[in-house]
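Spelled out, the chains give:
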Amino acid sequence: MTQPPLKPFLRWAGGKRWLFESGQLSLPNFKGRYIEPFLGGGAVFFEVQPTNALLSDANGRLIELYTVVRDEWEKFERLLRRHAAMHSKAYYYEIRLKRFRSPVKRAAQLMYLNRVCWNGLYRENKEGQFNVPIGTKQKVIFPDDDFEAWSKALEGTTLVQQDFEIAIDTARRGDFLFIDPPYTVRHNMNGFVRYNQDIFAWGDQIRLRDALGRAVNRGARFAMTNADHKSVRGLYIGFGQHTQLSRSSVIAGNSFYRSLSTELLITK
């Protein structure tokens, strides 16, 4: 864990790179595996770069992308640069409709769409097709992209598409889990929460708490970010240390329009 931090290669809604940049999170030393069952953009993994890790997510396309970057980064980068050379609004929507058979082509497609879609959001329609509109960002390749370094960081990882509970139930003494679930809360009519409830319901929050309890009883440690909401705090009463995290959300150049949001950090 001595390598310099790497930025994530994905834009991902709810990414956690800001936790380290703001100094609000530092992970403890641990001797076992690093386990992350909600991989997403992998910001914490690339910050820590553990040599022995289990990375999983319910999103199979996401896990396929990480696997391709690990195992076929050179071919992947060539395909992504080809997308970058062809990029336009019309090309975005043309590529969004395509269904590729090759894993590396699917991975390059997903990465291209992620780089220029709206807000790094991943969303599928009922047919399982990515349906996020194009965003305002137009860069596909950045000067500091380092696919070889990302591939090397992923060398010691096990990448699996699976339910979070399965991953957490593998944790043993000495292992460390970083948990960043969708921020579903109870009895909240916010539109973003309603979207999350399609993929992560309140019952899943309860399953998550119970799985973490079992992992702690086996000797594992964890850090979890979650919604700073009374229903989530209530779910974890008497379990772990609770810390409120602050994050500035800049939505305009004028400081008058800047807001502060909070998240909940629970560690054990």
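Residues numbered from 1 in each chain as written. Predicted model: local features only at pLDDT ≥ 70, side-chain atom pairs only at ≥ 80, totals over all residues. Heavy atoms only, no water.

1. Focus on the overall build of the protein chain
In terms of helices and strands, the protein chain carries 11 helices and seven strands. Each of the 268 residues in the protein chain was classed as buried or not, and the buried ones make up 47%. Here the analysis covers contacts within the protein chain between residues at least 6 apart in sequence; of these, 71% occur between residues at least 24 apart. Summed over all atoms, the accessible surface of the protein chain reaches about 13,700 Å², with 49% contributed by carbon and sulfur. (Helix = DSSP H or I, 4+ residues; strand = E, 2+ residues; numbered from the N terminus. Buried < 20%, exposed > 50% of the residue type's maximum accessible area, 1.4 Å probe, protein only. Contact = heavy atoms within 4.5 Å. Areas by Shrake-Rupley, 256 points an atom, 1.4 Å probe, with all protein chains shown as cover.)

2. A look at the confidence of the model for the protein chain
Taken as a whole, the protein chain shows an average pLDDT of 88; of its residues, 90% reach a score of 70 or greater. For residues 189-197, every residue scores under 50 in pLDDT, and the model assigns this stretch 12 contacts once sequence neighbours within four places are set aside. Here residues 250-258 scores under 50 on pLDDT; set against residues more than four positions off or in separate chains, the count is six contacts. (pLDDT = per-residue confidence, 0-100.)

3. Side note on helix α4 (residues 73-86)
With 14 residues, α4 ought to run about 20 Å at 1.5 Å a step, and its terminal C-alpha atoms sit 20 Å apart, in line with that. Along its buried surface, α4 packs onto α3 (60-71), α5 (89-97), α6 (103-116) and α7 (147-153). (Expected span 1.5 Å × (residues − 1).)

4. A short note on the side chain of Glu 64
Residue position: Glu 64 is located in helix α3. Here Glu 64 is in contact with Pro 103 and Arg 106, once residues within four sequence places are set aside.

5. Thoughts on the nonpolar core
With 55 residues, the main nonpolar core has Phe 9, Tyr 34, Phe 46, Leu 65, Tyr 66, Phe 76 and Tyr 112 as its most contacted residues. Setting aside residues up to four positions removed in sequence, Phe 46 forms contacts with Pro 5, Leu 6, Lys 7, Pro 8, Phe 9, Gly 41, Tyr 66, Trp 150, Ala 153 and Leu 154. Counting residues in hydrophobic clusters, the runner-up holds 28 residues, among them Phe 164, Met 224, Val 232 and Leu 235. (Core = buried A, V, L, I, M, F, W, Y, C linked by side-chain atoms within 4.5 Å.)

6. Notes on the packing of aromatic side chains
By the definition in use, this model includes 21 aromatic pairs. Geometrically, the ring pair formed by Trp 12 and Tyr 122 is stacked, given 6.2 Å between the ring centres and 25° between the ring planes. Here the residue Trp 12 occupies a position in the segment before α1 (17-21), and Tyr 122 occupies one in the loop between α6 and α7, the gap between them amounting to 110 residues. Of the residues examined, Tyr 122 reaches a relative accessible area of 14% and is grouped as buried. Look at Tyr 92 and Tyr 93: their rings are 5.1 Å apart centre to centre, the planes differ by 90°, and that puts the pair in the edge-to-face class. The class for Tyr 92 is buried, based on a relative accessible area of 0%. (Phe/Tyr/Trp six-rings, centres within 6.5 Å; stacked < 30°, edge-to-face > 60°.)

7. Considerations on the pattern of salt bridges
In total, this model carries 14 salt bridges according to the counting rule given. A salt bridge links Arg 33 to Asp 175; the nearest nitrogen and oxygen atoms lie 3.4 Å apart. Placement of the pair is Arg 33 in the loop between α1 and β1 (34-36) and Asp 175 in the loop between α8 (164-168) and β4 (176-179), with a sequence separation of 142 residues. A relative accessible area of 21% means that Arg 33 is categorised as partly exposed. Overall, Asp 175 belongs to the buried group, its relative accessible area being 7%. Taking the shortest distance from any N to any O, the salt bridge between Asp 71 and Arg 70 comes out at 2.8 Å. Judged by its relative accessible area of 47%, Asp 71 is partly exposed. (Salt bridge = Lys/Arg side-chain N within 4 Å of Asp/Glu carboxyl O.)

8. Notes on the environment of Glu 47
Mapped onto the fold, Glu 47 is located in helix α2 (residues 43-48). Sequence separation of Glu 47 and Pro 5 is 42 residues, and the distance between their C-alpha atoms is 4.4 Å. In this view, Glu 47 contacts Pro 5, Leu 6 and Phe 20; residues no more than four positions away in its chain are not counted.

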